[in-house]
Amino acid sequence: MAGVFLGALDKLKQWIVWSWTYLWALWFLLVVFLVFILRGPLKIIENVTSAAMFVNTLTPKFYVALTGTSSLISGLILIFEWWYFRKYGTSFIEQVSLNHISPWIGGGDSSNENNNGNGNTASSQSVPECKVWRNPLNLFRGSEYNRFLWATTKEPLTYYDMNLSAQDHQTFFTCEADTGRPEYEIMRTAWRERNTQARIKAAHGAIEKNSDCATAYILLAEEESSTILESEKLFKQAHKVAEANYRKSLASQHQGVVQESVHRRDTNVLIYIRRRLAMCARKLGRLKEAVKIMRDLIKEFPLINVLNIHENLIEVLLEMQAYADVQAVLAKYDDISLPKSATICYTAALLKSRSVSEKFSPEVASKRGLSTAEMNAVEAIHRAVEFNPHVPKYLLEMKSLILPPEHILKRGDSEAIAYSFFHLQHWKRDRKSVV
């Protein structure tokens, strides 16, 4: 019964969105026609005349009172917005507009993509058309961000960035079946906790309740470990637990909605852990191992483009100087149907400029003109700069780099920082490409 009601509600929403999108002119003409037909019974002319007389009789005191009242209401709204942002890290009006108003007037897509056969969550969830994305190369909080905090006593991440990460963790690492299970309820609270030590303490408490709580190991690996080796050790513990949970939920995912949500959560946890293990291997210099983990992950879960694991793979292959493999990855993911990124655009420009930089001579080019390969390199660079014009200043070291955030704004300065932080060394190998 509930499914029938939700289906009817979705159809009603789709009809309203369609009507506001394509039939607005008809709606406008219909309203004008009704007003014209009902002008007599509604006494529109008389009411307009009396309203005009009323406005003319208003004194300046009314306008002073009106201005003061509107200012008071605006101030209360401003104070509430400030309080809400301080507490939750986001705007209340923005959240209401995006989550409740926008879907009704055509600002969002109410339909969800169907789950694939393996029940891969990350791929089956619809990808919102938003500009803020999770940084695929984000650092480890305990072993990397905290080192900056200890050295400078300055916070490396903003509260807004950390709040977005907390929302991501709650989305991917929790499910409906967690209710009533003490360890998962503790972790659900831990992801929302602002204080780092409180989160770590909660994760230890969850492991005491149940030693097979993979999400607790994830939190400890991310935030308590002070070195990459310690993080890798904890992620390996988490991987054993997550793989067992994934296989268990895989067999029962079709038994109901709750089991399906459990399998979706277990899939997300397994993908996250394997990706972070690949990043640990990359940071520890085991490049071939990192490439193998990432390739296996993409092969096993082929529709997880939303996580941008291919960007991690591109960076490792560039470090290995396996440019042919990088080109093969670009050929697969540099597609018009997939979201673009600075990594995709600038890596394509790097490969094309690198292929012609060895033999390029400005004097010869000025006499005979640019060859086809050189023109392709120039077009690739123009395309990359057009996508994100902030990157060249960091590649040319005209602006100082800082630690990349956990979330980036597509085509913005934060994306340029995140890209340059990891890829500047690849451009420096061939200085002619940078110049």
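As a convention, each chain's residues are numbered from 1 in the sequence order in which they are written. Restriction of local features to residues with pLDDT of at least 70 applies here, the model being predicted, together with a cutoff of 80 or more for giving and counting side-chain atom pairs; totals for whole chains, interfaces and linings are based on all residues. Calculation of side-chain values draws on the structure's entire complement of heavy atoms; hydrogens and water are dropped beforehand.

Trainee: It is not clear to me how the pattern of salt bridges should be interpreted in this structure. Could you clarify?
Mentor: A side chain of one charge can pair with a side chain of the opposite charge when the charged atoms of the two come close. Here, a salt bridge means any Lys or Arg side-chain nitrogen found within 4 Å of an Asp or Glu carboxyl oxygen. Counting across every chain of the model gives 21 salt bridges. Glu406 is the salt-bridge partner of Arg141, the closest N and O atoms lying 2.9 Å from each other. Residue Arg141 is located in helix H7 (residues 141–152), and its partner Glu406 is located in the loop between helix H20 (391–395) and strand S2 (407–409); the two are separated by 265 residues in the primary sequence. Working definition: with a 1.4 Å probe on protein chains only, accessible area under 20% of the residue-type maximum means buried, over 50% means exposed, and in between means partly exposed. Of the residues examined, Arg141 reaches a relative accessible area of 10% and is grouped as buried. Where salt bridges share partners, they join Arg141, Arg199, Glu223 and Glu406 into one cluster. Helix and strand labels come from DSSP, where a helix needs a run of H or I of at least four residues and a strand needs a run of E of at least two; each type is numbered from the N terminus.

Trainee: Would you mind showing me how to read unusual backbone geometry here?
Mentor: Generally, phi is negative for residues other than glycine and the peptide bonds are trans, each holding for most cases. In this model, Thr153 sits at a positive phi of 55°, which is unusual for a non-glycine residue. Along the chain, Thr153 falls in the loop between H7 and helix H8 (159–173). Under the relative-accessibility criterion, Thr153 is labelled exposed at 69%. Of note, the phi angle at Gln321 is positive, near 60°, even though the residue is not glycine. You can see Gln321 is positioned in the loop between helix H15 (309–319) and helix H16 (323–333).

Trainee: I would appreciate a short explanation of the packing of H15 against H16 in the present structure.
Mentor: Axis angle and axis distance: for two packed helices, these are the angle between their axes and the distance between the axes, and together they describe the pair. At a minimum axis separation of 8 Å, H15 and H16 run at an interaxial angle of 160°. Looking at the two axes, H15 sits roughly antiparallel to H16. Handedness of the H15/H16 crossing: left-handed. Contact with H15, carried on its side by His310, Leu313, Ile314, Leu317 and Leu318, involves Tyr323, Asp325, Val326, Val329, Leu330 and Tyr333 of H16 and no other residues of that element. Residue composition of the contact of H15 with H16, by class: nine nonpolar, one polar and one charged. Helix axes are fitted to C-alpha atoms over the stretch in contact, other axes to C-alpha atoms as well, and angles between N-to-C directions run from 0 to 180 degrees. Here is the rule for angles: anything less than 35 degrees is roughly parallel, anything more than 145 is roughly antiparallel, 65 through 115 is roughly perpendicular, and the remaining ranges are oblique. Each crossing gets its hand from how the near helix is turned against the far one by less than a right angle, where anticlockwise is left-handed and clockwise is right-handed. Residues are treated as being in contact if the distance between any of their heavy atoms lies within 4.5 Å. Classification convention: Asp, Glu, Lys, Arg as charged; Ala, Val, Leu, Ile, Met, Phe, Trp, Tyr, Cys, Pro as nonpolar; all other residues, Gly among them, as polar.

Trainee: Mind showing me how you'd approach the side chain of Glu223 here?
Mentor: Structurally, Glu223 can be placed in helix H11 (residues 214–223). Here Glu223 falls in the buried class, since its relative accessible area comes to 8%. The contact partners of Glu223, leaving out residues within four places of it in the chain, are Arg141, Gly142, Asn146, Thr196, Arg199 and Ile200.

Trainee: Help me understand empty space enclosed by the protein in this model?
Mentor: Over the atoms, a rolled probe matching the size of one water molecule traces out where space is still vacant. Cavity means a closed set of points on a 1 Å grid over the protein atoms alone, one where a 1.4 Å probe fits but cannot get out, pocket means an open set with protein on both sides within 12 Å along at least 5 of 7 lines, and lining means a residue has an atom within 4 Å of a point. Grid points are joined across faces, edges and corners, and a volume is the space filled by probe spheres set on the points. Taken as a whole, this structure holds five cavities of 30 Å³ or more when the rule is applied. Space inside the largest cavity adds up to approximately 80 Å³. What lines the largest cavity is Asn135, Pro136, Leu137, Glu311, Ser341, Ala342, Thr343, Ile408, Glu415, Ala418 and Tyr419. Where the lining of the largest cavity is concerned, the elements lending two or more residues are helix H17 (342–357) and helix H21 (413–428). It is H21 that contributes the most residues to the lining of the largest cavity, three residues altogether. For the lining of the largest cavity, a count of residues per class yields six nonpolar, three polar and two charged.

Trainee: What should I look at first to understand the nonpolar core in this one?
Mentor: Within soluble globular proteins, side chains that are nonpolar tend to cluster in buried spots. Ranked by size, the top nonpolar core spans 75 residues in total, and within it Met187, Ile218, Phe235, Ile273 and Tyr346 carry the most contacts. Broken down by element, the residue count for this core peaks at ten residues, all from helix H13 (residues 257–283). Not counting chain neighbours up to four residues away, the residues in contact with Ile218 comprise Phe173, Trp191, Phe235, Val269, Tyr272 and Ile273. Grouped together as the second largest cluster of nonpolar side chains are five residues, Leu137, Leu139, Tyr145 and Leu157 included. Among the buried residues, those of types Ala, Val, Leu, Ile, Met, Phe, Trp, Tyr and Cys that are joined through side-chain atoms within 4.5 Å form a nonpolar core.

Trainee: Would you explain the packing of H11 against helix H12 (residues 228–252) in this entry?
Mentor: Packing of H11 against H12 leaves a shortest axis separation of 8 Å and a crossing angle of 170°. If you check the angle between H11 and H12, you find them roughly antiparallel. Side by side, H11 and H12 meet where Ala214, Tyr217, Ile218, Leu220, Ala221 and Glu222 of the first sit next to Ser231, Leu234, Phe235, Gln237, Ala238, Val241 and Ala242 of the second.

Trainee: Teacher, can you tell me more about the layout of surface pockets here?
Mentor: Space inside the second largest pocket adds up to approximately 630 Å³. Forming the boundary of the second largest pocket are 31 residues, of which Arg141, Met162, Arg194, Thr196 and Arg199 lie nearest the centre. Counting only elements with at least two residues in the lining of the second largest pocket, the list comes to helix H4 (60–88), H7, H8, helix H9 (182–192) and helix H10 (196–209). A total of seven residues in the lining of the second largest pocket trace back to one element, the largest contributor, which is H8.

Trainee: Looking at this structure, how should I read the packing of aromatic side chains?
Mentor: The geometry of an aromatic ring pair comes down to the distance between the two centres and the angle between the two planes. Classification of ring pairs uses Phe, Tyr and Trp, with its six-membered ring standing for Trp, and accepts pairs whose centres are within 6.5 Å; under 30 degrees between planes counts as stacked, over 60 as edge-to-face, and the remaining range as tilted. Evaluation of the coordinates by the stated rule reveals eight aromatic pairs. An angle of 35° between the planes, with centres 5.9 Å apart, marks the rings of Phe80 and Trp83 as tilted. Within this pair, Phe80 and its partner Trp83 are both found in helix H4, separated by three residues, close to a single helical turn. Using a relative accessible area of 40% as the deciding quantity, one classes Trp83 as partly exposed. Over the face of the ring belonging to Tyr159 we find Arg194, whose NZ or CZ atom lies 4.1 Å from the ring centre. Charge-over-ring contacts are defined here by two conditions on Lys NZ or Arg CZ: a distance within 6 Å of the ring centre and an angle within 35 degrees of the ring normal. The ring of Tyr323 carries the charged tip of Arg354 above its face, separated from the ring centre by 3.8 Å.

Trainee: In this structure, what is going on with a nonpolar patch on the surface? I would like to understand it.
Mentor: A grouping of Leu12, Trp15, Trp27, Leu30, Phe33, Leu34, Phe36, Ile37 and Leu38 is seen on the molecular surface, where their side chains present a nonpolar patch of about 900 Å² in accessible area. For the nonpolar patch, the secondary structure elements donating two or more residues are helix H1 (2–22) and helix H2 (24–37). Considering the arrangement of structural elements, one finds Ile37 in helix H2. Like charges within 9 Å and nonpolar side chains (Val, Leu, Ile, Met, Phe, Trp, Tyr) within 5 Å are joined into patches, using only residues over 30% in relative accessible area that form no salt bridge. Residue exposure ignores everything except the shown protein chains as possible cover, and the areas themselves are Shrake-Rupley values with a 1.4 Å probe.

Trainee: Before we go on, may I ask you to explain the environment of Val378 in this structure?
Mentor: With respect to the secondary-structure elements, Val378 resides in helix H19 (residues 372–387). Each C-alpha atom of the pair Val378 and Ala349 lies 8.0 Å from the other, and the pair is 29 residues apart in sequence.

Trainee: Help me out: how do you make sense of H9 in this one?
Mentor: For H9, the set of buried residues is Glu183, Tyr184, Met187, Ala190 and Trp191. One face of H9 carries all of its buried residues, which in axial projection span an arc of 115°. Turning to H9, the residues buried within the fold contact H8, H10, H11, H12 and H13. Regarding the arc, it is the one traced by the directions from the helix axis to the C-beta atoms.

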